[in-house]
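Breakdown of the fold
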Amino acid sequence: MTDETTIAARRFPRRTVLKTTAWSIPVVAAAAAMPLAAASTATDLVLTPQPVGEGITGTSPDGQSSYQLSWTSRYSASTSGAVATPAGATIAISFDSRVFATSNASSGPVSLALASTSTTGNVTTAMFTVPDPIPASGGSIVITIGFDAGGAPTPPWYTDVQPITVSLLPPSGYTDAIPANNTHTFSPVYS
C-alpha cells in the first residue's frame, strides 16, 4: 500500500462530515438547554375555596338593571404531593379598579406584604408575597382576601365590570404543574 492510498483511506468523505455535523448540532443544542430546564423545579399548588364569601350589588341610575358580584374570601393553600413548596409563593388578585380602590391578603392573622401593583385599563393586579412554605398534602395555610371600595357608599354602576381573579403562584425558580387548580375567577351577574 502506498502512502497516498493510506492517506486517502484516512480521509472522511465530505458528505460523511456534513452528515455528522448536521446530527451533532441538535444534540449540542439539547445539551445546552438542559441546565436551564433543570434550574426550574415543578410543584403543584392547590388553592381550595372555603365556604366564606362576600359580594356587592351595583344598580343602574334608573333602577332597572343591576349586577351582583360575589367572590370567595377565604382559601386553603396546599401543595399536592409529599413535598411542601418553599416560602415565597405569591397571591395575585385582579379586580376592577373602578369598583375597588385596593385589595388585601392575609395568612392567618398576618397581613401579607404587597410586592407589586399594576393597572392595565380597568384591571388592577396586586401581588402579595406568602412568607411561609405552602404545606404538602394533609396540611394547608389559610389565605383571606378582601377589598376596599375607597369610601364609596354604594358600588358604582358599570355595564362592563371586570371579574375578580385570585391565583396562587409558585415562588421564583418553581413552575406549577397544574395551574388550573390554583386560580379562581368570579364574574358579575347582570339582571
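Presented here is a report on the structure given in the accompanying data block. (Residues numbered from 1 in each chain as written. Predicted model: local features only at pLDDT ≥ 70, side-chain atom pairs only at ≥ 80, totals over all residues. Heavy atoms only, no water.)

**Brief notes about the overall build of the protein chain**
When its secondary structure is counted, the protein chain shows two helices and 15 strands. Across the 191 residues in the protein chain, those meeting the buried criterion constitute 31%. Considering only contacts in the protein chain between residues 6 or more positions apart, those separated by 24 or more positions represent 74%. Split by element, the accessible area of the protein chain, about 11,100 Å² in all, is 60% carbon and sulfur. (Helix = DSSP H or I, 4+ residues; strand = E, 2+ residues; numbered from the N terminus. Buried < 20%, exposed > 50% of the residue type's maximum accessible area, 1.4 Å probe, protein only. Contact = heavy atoms within 4.5 Å. Areas by Shrake-Rupley, 256 points an atom, 1.4 Å probe, with all protein chains shown as cover.)

**A short note on the side chain of serine 73**
Position of serine 73 relative to the elements: it lies in the loop between strand 4 (66-72) and strand 5 (74-79). Residues contacting serine 73, with those up to four places away along its chain left out, are Val52, Gly53, Glu54, Ile143, Thr144 and Ile145.

**What to know about the sheet that holds strand 3 (residues 53-59)**
The strand order 3-4-15 describes an open sheet built from three strands, whose pairing is antiparallel. The outermost strands of the open sheet, each flanked by one partner alone, are strand 3 and strand 15 (189-190). In the sheet, strand 4 pairs with strand 15 via two bridges, with the strands oriented antiparallel. Pairing of tyrosine 67 across the sheet is with tyrosine 190, part of strand 15. (Pairing = 2+ DSSP bridges.)

**Quick word on the pairing of strand 7 (residues 102-107)**
Pairing of strand 7 with strand 11 (residues 141-148), which is carried by six bridges, proceeds in the antiparallel orientation. By the bridge assignment for strand 11, serine 106 is matched with threonine 144. Pairing of strand 7 with strand 8 (residues 110-111) involves two bridges; the strand directions are antiparallel. Directly across from serine 107, in strand 8, lies its bridge partner valine 110. Hairpin connection between strand 7 and strand 8: a loop of two residues separates the two successive antiparallel strands, and glycine 108 in this loop has a positive phi of roughly 65°.

**Details of the nonpolar core**
Judged by nonpolar contacts, the single largest core of 29 residues is most densely connected at Trp71, Phe100, Ile145 and Ile164. If you list the elements that add at least two residues to this core, you get strand 2 (45-49), strand 4, strand 5, strand 6 (90-96), strand 10 (123-129), strand 11 and strand 12 (164-169). Per element, the largest residue contribution to this core is four residues, and it comes from strand 11. Ignoring any residue separated from it by four or fewer positions in sequence, one finds phenylalanine 100 in contact with Ile56, Leu69, Trp71, Phe95, Phe147, Asp148, Ala149 and Ile164. (Core = buried A, V, L, I, M, F, W, Y, C linked by side-chain atoms within 4.5 Å.)

**Thoughts on the side chain of aspartate 176**
Mapped onto the secondary structure, aspartate 176 falls in strand 13 (residues 174-176). One buried charged residue, aspartate 176, forms no salt bridge at all, with the nearest opposite charge on arginine 74 at 21 Å. A distance of 3.4 Å separates a polar side-chain atom of aspartate 176 from the backbone nitrogen of leucine 45. Separated by 3.0 Å, the side chain of aspartate 176 and the backbone nitrogen of isoleucine 178 make a polar contact. Among all residues touching aspartate 176, those that are not within four sequence positions of it are Thr43, Asp44, Leu45, Leu168, Pro170 and Asn182. (Lys, Arg positive; Asp, Glu negative; His and termini not counted. Salt bridge = Lys/Arg side-chain N within 4 Å of Asp/Glu carboxyl O. Polar contact = N/O pair within 3.5 Å; in protein donor to acceptor, adjacent residues only side chain to side chain.)

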